[in-house]
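Each chain, letter by letter, is given below.
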Amino acid sequence: MKSFKKEPRAALSFAAAFLLPLSATACFQNEGNSDSASPSSQGHHSGAYTSEAPSQPSPASSSESPSATATSHSSTPAASSVTSPPVNESDPWRPVTHYTPEKNWMNDPNGLVYHKGEYHLFYQYNPKGSDSQNMSWGHATSKDLVHWKERTVAISGTDQYNVFSGSAVVDTHNTSGFGTPGNPPMVAVWTRNDVATGIQSQSLAYSTDDGKTWTLHNGGAPVLDIGSKSFRDPKVFWDKEAKQWTMVIAKSDEHKVAFYTSPNLKDWTFKSEFGPVGDVSTAWECPDFFPMKVEGDNGKTRWVLTVNTSPSAQYFVGEWNGRTFKADSSGSYKGKEGKELASFDQDTYGSWTTTGSSFGNRPASKGDVPGHMGSGYVDSFGSADSNTGTLTSPEFTVSANHLNMLIAGGSHPYSAVAGSQHTSVNVVVEGKVVATATGNDSKTMFWQSLDLKKWRGKKARIVIEDKNTSNHWGHIMVDQIVLSDTAAFNETVPKVDYGHDYYASVTWEGAPGDKRYAIGWMSNWTYAKDVPTKTWRSAMSTVRELKLRKVNGKERLVFSPVSELESLRTGSEFKKSDITIGQGSTPLDDEASGKSLDISLTLDPQKAKESGISVLEGEKKDTPGKTTGTKIGYDAAKQQIFVDRSNSGEAGFSPAFAGRSTADFKPGKDGLVRLRIIVDSSSVEVFADNGKLVMTETVYPQADAKKISLFATGGNAEARDLSVWHLGSYR
């Protein structure tokens with residue numbers, strides 16, 4: 001995502017933190033505090049209702065001073081006195097091992113390319129302050145993906161346009177003519193966001209001095225412009241088989257990516273589109289596309305497409321023929337299980353009642369609405385997008401755990417605040433909205449599922465509301481409402497990360513040995529502008545190496561911190577084995593304490609309901625009398641890995657921050673849970689089962705928070721093996 005280009009989707013803020021992509025095999029949930037909305041004065045068929053923290057649909061990013069220079073041209077711990085680097089009391093959350101600029105705002109990584117022994121990391125950057133404005137390309141370089149040096153700003157935004165995300169390549173054959181055969185240029189392909197119109201087009205800049213300075217091609221004029229405000233984040237690479245440049249780019253609000261080809265990086269031809277599919281709960285952004293060999297499969301090569309959908313990225317594995325990408329299918333929900341409450345296939349709404357002008361007197365039966373079932377569906381467009389109204393069901397008994405439905409249209413989450421512009425499907429129990437869903441800013445219907453387990457046996461009504469008076473997706477479309485004990489899901493699409501703070505992840509082009517390395521922005525647009533750091537905002541993740549393996553019969557990406565991270569290890573390893581973890585907390589020796597750590601833990605849950613490790617624990621107790629810290633563990637009852645930052649330290653800056661993220665996880669035949677955890681001053685990255693599952697969370701602990709403990713609830717557990725290394729600074 002890019003600075004203020006996301007401002008029109010402010011609805012992403014609080015509500016989208018809980019709007020989760022549907023998944024049959026892995027998901028994350030936020031179980032933190034949410035503020036109950038204030039009472040609504042709106043009257044409906046069932047009478048006025050209020051909001052009772054409604055549930056959301058379950059699942060269906062020595063320095064040079066930066067300045068603008070781009071022109072328009074064992075059982076016993078080993079003895080060790082080493083600890084993590086001392087805390088800067090005036091800047092306690094600045095990362096030790098993760099790249100962050102000396103000052104100012106940073107978000108998406110851009111232009112990742114390897115050239116002449118250096119890895120280049122460009123990124124969205126505000127040279128003028130610590131807010132998301134004045135978007136330009138910042139720049140850093142590294143020889144090992146661990147030790148980074150900040151460079152001067154590469155490509156600067158202007159009063160006319162912002163320089164949004166994109167990619168960089170080495171034009172080895174000088175197809176662009178920007179260099180010479182003996183000195184091929186580096187070429188950056190970036191999204192030009194016009195300040196006056198909001199139009200997003202693609203422009204070029206090039207460097208003939210190994211990325212030190214950059215010249216704008218044709219003064220920054222676009223080389224690809226389709227007149228769209230939702231056309232961004234080009235990823236470009238040289239297709240060796242087709243012998244042409246290929247671009248994959250997001251048509252963000254349509255939940256699609258488009259493929260273009262070019263002989264010279266300047267003239268582009270449209271080839272095909274992919275999507276919408278999978279997670280369409282937020283805009284599609286920052287796509288990446290690359291070939292990978294499947295480990296242990298005789299050199300078989302597949303293509304991987306990643307698409308970022310806040311707060312992480314989904315990915316697809318499939319085939320590429322130089323023009324189109326065909327993803328492997330993983331099944332879909334059919335909507336036939338359970339009790340059908342409405343199909344909207346009749347000429348009238350039957351016993352459903354309407355108010356206002358938006359729903360008319362009958363279901364819609366015409367129009368291009370992909371994904372709907374049968375002959376009819378609900379459409380609140382009315383005679384104009386600005387029409388408003390309600391459609392209310394007769395009373396029914398909640399006889400199953402889930403309410404499933406197909407939804408499209410405007411993404412405007414429900415709010416009980418007077419004047420709210422929501423377009424939503426609300427479940428009302430005893431006069432209160434207890435669960436709600438909204439559209440996806442698309443005309444394509446996708447399944448969403450509301451968890452009604454808490455209200456099973458209660459009387460309820462469904463109120464479909466269109467309160468939006470705008471002419472941009474100011475309506476909602478609904479079909480096939482079913483009560484079922486099976487939660488609806490869209491095609492099962494895996495994620496690259498199941499935490500809250502790994503966004504806009506992309507990979508390096510040209511890495512030695514055809515290896516594939518990725519990095520992501522460690523933040524979340526829900527609260528990125530509110531985090532408590534002062535002179536700087538946001539860090540990049542640990543660089544991760546990607547491999548493609550068969551996991552449970554399916555080709556899946558696995559992730560691991562780059563091996564070079566071990567170069568930051570200092571002192572001796574703290575190592576213990578066969579530690580009994582009694583109920584409650586089991587503190588570890590001071591030698592293990594620190595703010596920048598590389599931890600490996602093999603956990604045997606045994607009889608414990610939950611067990612794991614707590615890091616960045618403070619010396620002081622918080623107001624309720626609890627020791628602050630971030631817990632990483634395994635919930636045996638739910639079979640989930642979790643990261644709980646609800647008591648991690650400073651969390652009051654956003655109601656969406658404190659909480660608990662989870663991801664479905666089944667241990668192997670030995671029943672053990674293997675975790676590698678990279679801890680820094682303001683982040684925790686968890687790699688489970690050798691990187692088959694990853695979770696990234698930012699945290700803002702107390703200044704003195706560095707202690708570690710093991711924990712268990714509901715029974716004892718055991719730490720079969722525990723290893724802790726202190727990590728030094730990358731600077």
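Residues numbered from 1 in each chain as written. Predicted model: local features only at pLDDT ≥ 70, side-chain atom pairs only at ≥ 80, totals over all residues. Heavy atoms only, no water.

**Student:** For this particular structure, what's the right way to read the overall build of the protein?
**Tutor:** Helix and strand counts for the protein stand at 0 helices and 46 strands. Within the protein, the fraction of its 731 residues that count as buried is 60%. (Helix = DSSP H or I, 4+ residues; strand = E, 2+ residues; numbered from the N terminus. Buried < 20%, exposed > 50% of the residue type's maximum accessible area, 1.4 Å probe, protein only.)

**Student:** What is the right way to look at the packing of aromatic side chains in this model?
**Tutor:** The way to describe two aromatic rings as a pair is by their centre distance and the angle between their planes. Tallying each qualifying case throughout the model produces 37 aromatic pairs. Pairing Y527 with F657 gives two aromatic rings, centres 5.1 Å apart and planes at 80°, and the pair type is edge-to-face. Linking Y527 in the loop between strand 30 (516–522) and strand 31 (536–537) with F657 in the loop between strand 40 (640–644) and strand 41 (660–664), this pair joins segments that are 130 residues apart in sequence. The two residues Y527 and F657 agree in class, both being buried. What links up through ring pairs into an aromatic cluster is the set Y99, Y114, Y119, Y123, Y125, W148, W508, Y517 and Y730. A cation over an aromatic ring shows up here: K631 above the ring of F711, its NZ or CZ 4.8 Å from the ring centre. Across the ring face of F642, the terminal group of R660 is positioned such that the distance to the ring centre comes to 3.8 Å. (Phe/Tyr/Trp six-rings, centres within 6.5 Å; stacked < 30°, edge-to-face > 60°. Lys NZ or Arg CZ within 6 Å of the ring centre and 35° of its normal.)

**Student:** Explain unusual backbone geometry to me, please; I cannot follow it from the model alone.
**Tutor:** Peptide bonds are trans in most cases, and residues, glycine excluded, mostly fall at negative phi. Between G275 and P276 the backbone carries a cis peptide bond, its omega angle lying at 0°. With respect to the helices, strands and loops of the structure, P276 is situated in the loop between strand 13 (269–274) and strand 14 (285–293). With an omega dihedral of 15°, the bond running from S310 to P311 counts as a cis peptide bond. Along the chain, the position of P311 falls in the loop between strand 15 (301–309) and strand 16 (312–320). Positioned with a positive phi, D233 is a non-glycine residue whose angle comes to about 65°. In this structure, D233 sits in strand 10 (residues 232–239). On the basis of relative accessible area, D233 is assigned to the buried category, the value being 2%. The phi angle at Q639 is positive, at roughly 55°, despite the residue not being glycine.

**Student:** Is there a simple way to think about the sheet that holds strand 39 (residues 630–635) in this case?
**Tutor:** Strand pairing in a sheet is mediated by backbone hydrogen bonds. Such pairs are either parallel or antiparallel. The 6 strands lie next to each other as 36-45-38-39-40-41, forming an open sheet whose pairing is antiparallel. Each end of this open sheet is capped by a strand with a single partner; those strands are strand 36 (584–587) and strand 41. The average undirected angle you get between the axes of adjacent strands in this sheet is 20°. Of the strand pairs in this sheet, strand 38 (residues 610–617) and strand 45 (residues 707–713) are connected by 6 bridges, and their pairing is antiparallel. Directly across from S614, in strand 45, lies its bridge partner S709. (Pairing = 2+ DSSP bridges. Axes fitted to C-alpha atoms, helices over the stretch in contact; angles between N-to-C directions.)

**Student:** What is the right way to look at the environment of L403 in this model?
**Tutor:** Checked against the element boundaries, L403 lands in strand 23 (residues 402–409). Residue classification places L403 among the buried residues on the basis of a relative accessible area of 0%. For the pair L403 and G338, spaced 65 residues apart in sequence, the C-alpha separation works out to 9.5 Å. Those residues in contact with L403 that sit more than four places away from it in its chain are L341, V427, Q448, S449, L450, L452, I462, I481, V482 and L483. (Contact = heavy atoms within 4.5 Å.)

**Student:** Sorry if this is basic, but what is going on with the sheet that holds strand 7 (residues 186–194) here?
**Tutor:** The sheet built from 4 strands is open, its strands ordered 6-7-8-9 with antiparallel pairing. Single-partner strands in this sheet number two, and they are strand 6 (161–170) and strand 9 (215–216). Two strands pair when backbone bridges link them, and strand 7 and strand 8 (residues 200–207) are joined in this way by 8 bridges, in the antiparallel orientation. Pairing of N193 across the sheet is with Q200, part of strand 8.

**Student:** Which parts of the structure should I look at to understand the pairing of strand 34 (residues 554–561)?
**Tutor:** Side-chain direction in a regular strand flips from residue to residue, so the side chains alternate between the two faces of the sheet. Where burial is concerned, most of strand 34 is hidden: 6 out of the 8 residues are buried. Where strand 33 (residues 544–551) folds back onto strand 34 in an antiparallel hairpin, the turn is made up of 2 residues, including N552, whose phi is positive at roughly 50°.

**Student:** Before we go on, may I ask you to explain the side chain of R544 in this structure?
**Tutor:** Along the chain, the position of R544 falls in strand 33. On the accessibility criterion, R544 (0% relative accessible area) is buried. At a separation of 3.0 Å, a polar atom in the side chain of R544 contacts the side chain of D497. At 2.8 Å, the side chain of R544 and the side chain of E685 are in polar contact. Setting aside residues up to four positions removed in sequence, R544 forms contacts with D497, Y502, R516, Y517, A518, S560, V562, E685, F687, V694 and T696. (Polar contact = N/O pair within 3.5 Å; in protein donor to acceptor, adjacent residues only side chain to side chain.)

**Student:** Looking at this model, I keep getting lost on the nonpolar core. Mind explaining?
**Tutor:** Grouped together as the largest cluster of nonpolar side chains are 41 residues, with contacts concentrated most on Y99, L121, W148 and W508. Looking at this core, the elements that each hand over two or more residues are strand 2 (104–115), strand 3 (118–126), strand 14, strand 16, strand 30, strand 33 and strand 34. Here this core takes 4 residues from strand 3, the largest share from any one element. (Core = buried A, V, L, I, M, F, W, Y, C linked by side-chain atoms within 4.5 Å.)

**Student:** What is the right way to look at the side chain of N440 in this model?
**Tutor:** When you line up the elements, N440 lands in the loop between strand 25 (432–438) and strand 26 (442–451). Side-chain polar atoms of N440 contact the backbone oxygen of T444, separated by 3.4 Å.

**Student:** Any chance you could explain the layout of surface pockets here in plain terms?
**Tutor:** Sizing a probe to match a water molecule and rolling it over the atoms shows the empty space that remains. Of the voids in this model, the second largest pocket is the one considered here, and its volume is about 990 Å³. Lining of the second largest pocket is provided by 32 residues; of these, K240, P291, E509, D514 and R516 occupy positions nearest its centre. Those elements that place two or more of their residues in the lining of the second largest pocket are strand 2, strand 6, strand 10, strand 14, strand 15 and strand 33. It is strand 14 that provides the largest number of residues to the lining of the second largest pocket, a total of 5 residues. Of the residues that constitute the lining of the second largest pocket, the class distribution is 16 nonpolar, 4 polar and 12 charged. (1 Å grid on protein atoms, 1.4 Å probe; cavity = no way out; pocket = protein on both sides within 12 Å on 5 of 7 lines; lining within 4 Å. Points joined across faces, edges and corners; volume = space filled by probe spheres on them. Nonpolar A, V, L, I, M, F, W, Y, C, P; charged D, E, K, R; others polar.)

**Student:** I keep staring at the pattern of salt bridges and nothing clicks. Help me out?
**Tutor:** As enumerated under the stated definition, the model contains 34 salt bridges in all. Of the charged contacts, one joins R676 and D598 as a salt bridge, the two residues approaching to 2.7 Å between their closest N and O atoms. Note that R676 is positioned in strand 42 (residues 673–680) and D598 in strand 37 (residues 597–604), a separation of 78 residues in sequence. Residue R676 shares its accessibility class with D598, and that shared class is buried. Close ionic contact of K707 with E619 constitutes a salt bridge, the shortest N to O distance being 3.8 Å. Taken together, the positions of K707 in strand 45 and E619 in the loop between strand 38 and strand 39 put the pair 88 residues apart, joining distant regions of the chain. With a relative accessible area of 26%, K707 lands in the partly exposed category. Salt bridges here are not isolated pairs; linked through shared partners, they connect K300, R302, E319, D328 and E555. (Salt bridge = Lys/Arg side-chain N within 4 Å of Asp/Glu carboxyl O.)

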